[in-house]
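Working through the structure, step by step
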Amino acid sequence: MKRTLCSALIAGLFAGAAFAAPSVAAPADSAAPTAALSASGVDKGALDAAVRPQDDFFRYSQGKWLKDVEIPNDRSSWGAFNVAQESVEGQIRTLIEQAAQDKNAKAGSDAQKMGDYYASYIDLERRNALGVKPLAPELARIAALKDKSGLGALAAHASRIGAGSPVAMGVGQDSKQSTHYLVEISQSGLGMPNRDF
């Protein structure tokens, strides 16, 4: 019993460390606890010392987070992964905006391509002038569908070009034979990203 409890405690603390985002700031409208990392890297900031781990390990390991953090109004859920994602998205945006402003980027370099791609994305005047014309071939492909027998090919094409479809396909590691990969097919595109939708 002691061994099981110790294992659960250690696993929980490491799980807490995986959710820790000590250098990540939450959005201004949410209160996130400050992470208190020990020398081991385990986040103790979410621990609720008022709860004994053997009574309610979940409340012990996550109690402070549950008390202190409120789900932002524009979200349907909120957690440490969301906090980390917000931070990473901000860092990526900074890199992309810097690339777009860099007029000395070497032609053909990743920075030049990224900057040009971003500049074309934020060019609303051109996007509005083009309308849906760039999508005409894809819309025609959808309109040409006569029956459900063509859905598989359409979903495969959507997957190849990075567009969403109700069926997601990809290659992943076989959970029964880790040295093999296989095609994974699952449902996708059925969730909404936030409450506004």
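A tally of helices and strands in the chain yields seven helices and two strands. Ordering the α and β elements of the chain from the N terminus gives α-α-α-α-α-α-α-β-β. When the 197 residues of the chain are sorted by exposure, 19% land in the buried category. At a minimum sequence separation of 6, the contacts of the chain that also span at least 24 residues come to 29%. If you sum the accessible surface of the chain, you get close to 14900 Å²; carbon and sulfur atoms cover 58% of it.

With that out of the way, let us pick up the pairing of strand β2 (residues 181–187). Of all seven residues in β2, zero are buried; the element is thus mostly exposed. Of the strand pairs in this sheet, strand β1 (residues 167–173) and β2 are connected by seven bridges, and their pairing is antiparallel. Looking at the pairing, V167 lines up with Q187 of β2.

All right, on to helix α3 (residues 80–101) then. Spanning 22 residues, α3 covers 32 Å between terminal C-alpha atoms, matching the ideal 32 Å at 1.5 Å per step. Those residues of α3 that sit buried are A80, N82, V83, S87 and A99.

Right, let's get into the packing of α3 against helix α4 (residues 110–122). Two numbers describe how α3 lies on α4: the axes approach to 7 Å, and their chain directions differ by 95 degrees. If you check the angle between α3 and α4, you find them roughly perpendicular. Residues L95, I96, E97, A99 and A100 of α3 lie in contact with α4, whose contacting residues are A111, M114, G115 and Y118. Grouping the amino acids of the contact of α3 with α4 by side-chain chemistry returns seven nonpolar, one polar and one charged.

Side-chain pairs of opposite charge can arise where the charged atoms are in close proximity. Summed over all chains, the structure comprises seven salt bridges. Of the charged contacts in the structure, one is a salt bridge between R52 and D55, with a shortest N-O distance of 2.8 Å. For D55, a relative accessible area of 53% puts it in the exposed group. Between R93 and E97 there is a salt bridge, with its nearest N and O atoms 2.8 Å apart. Of the two residues, R93 and E97 are both situated in helix α3; the distance of four residues between them amounts to about one turn of the helix. Judged by relative accessible area, E97 falls into the partly exposed class, the value being 25%.

A word on helix α2 (residues 57–68). For α2, spanning 12 residues, the distance from its first C-alpha to its last is 18 Å, which sits close to the expected 16 Å at 1.5 Å a residue. Within α2 the residues assigned to the buried category are Y60, S61, Q62, G63 and W65.

The rules behind each value
Residues numbered from 1 in each chain as written. Predicted model: local features only at pLDDT ≥ 70, side-chain atom pairs only at ≥ 80, totals over all residues. Heavy atoms only, no water. Helix = DSSP H or I, 4+ residues; strand = E, 2+ residues; numbered from the N terminus. Buried < 20%, exposed > 50% of the residue type's maximum accessible area, 1.4 Å probe, protein only. Contact = heavy atoms within 4.5 Å. Areas by Shrake-Rupley, 256 points an atom, 1.4 Å probe, with all protein chains shown as cover. Pairing = 2+ DSSP bridges. Expected span 1.5 Å × (residues − 1). Axes fitted to C-alpha atoms, helices over the stretch in contact; angles between N-to-C directions. Parallel < 35°, antiparallel > 145°, perpendicular 65-115°, else oblique. Nonpolar A, V, L, I, M, F, W, Y, C, P; charged D, E, K, R; others polar. Salt bridge = Lys/Arg side-chain N within 4 Å of Asp/Glu carboxyl O.

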